[in-house]
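# Breakdown of the fold
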Amino acid sequence: MEDVLVKIKVDFYDISRGSSFETKSHLIYGVRVKYFKETDYLEIKNIIDEVIHEINKITSYLNRQQP
């Protein structure tokens, strides 16, 4: 049962990572069409990159917990 819960968590974080990359893609497009200033883009991009890094750490940990 616990293995199933870990798998569900990993799946959730995988989807979250995908959503983070999608958000980053929208942000890049927003800069191209001048919805955002370059400085705002860089600040938000750095936050998204941190989120992706943290999600990667969590999923790596969870994957090591599976038999």
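Residues numbered from 1 in each chain as written. Predicted model: local features only at pLDDT ≥ 70, side-chain atom pairs only at ≥ 80, totals over all residues. Heavy atoms only, no water.

## Comments concerning the nonpolar core
- Counting residues in each nonpolar core, the largest one holds 5 residues, listed as Leu27, Val31, Tyr41, Ile48 and Ile52.
- Of all the elements in the fold, those that place two or more residues in this core are α1 (2–32) and α2 (38–65).
- Per-element accounting of this core gives the leading share, 3 residues, to α2.
- Other than its neighbours up to four places away in sequence, Leu27 contacts Phe36, Tyr41, Ile44, Lys45 and Ile48. (Core = buried A, V, L, I, M, F, W, Y, C linked by side-chain atoms within 4.5 Å. Buried < 20%, exposed > 50% of the residue type's maximum accessible area, 1.4 Å probe, protein only. Helix = DSSP H or I, 4+ residues; strand = E, 2+ residues; numbered from the N terminus. Contact = heavy atoms within 4.5 Å.)

## Thoughts on α2
- The first and last C-alpha atoms of α2 sit 41 Å apart over 28 residues, in line with the 40 Å expected at 1.5 Å per residue.
- What α2 keeps buried is the set Tyr41, Ile48, Ile52, Ile55, Thr59 and Leu62.
- As for α2, its buried residues are in contact with α1. (Expected span 1.5 Å × (residues − 1).)

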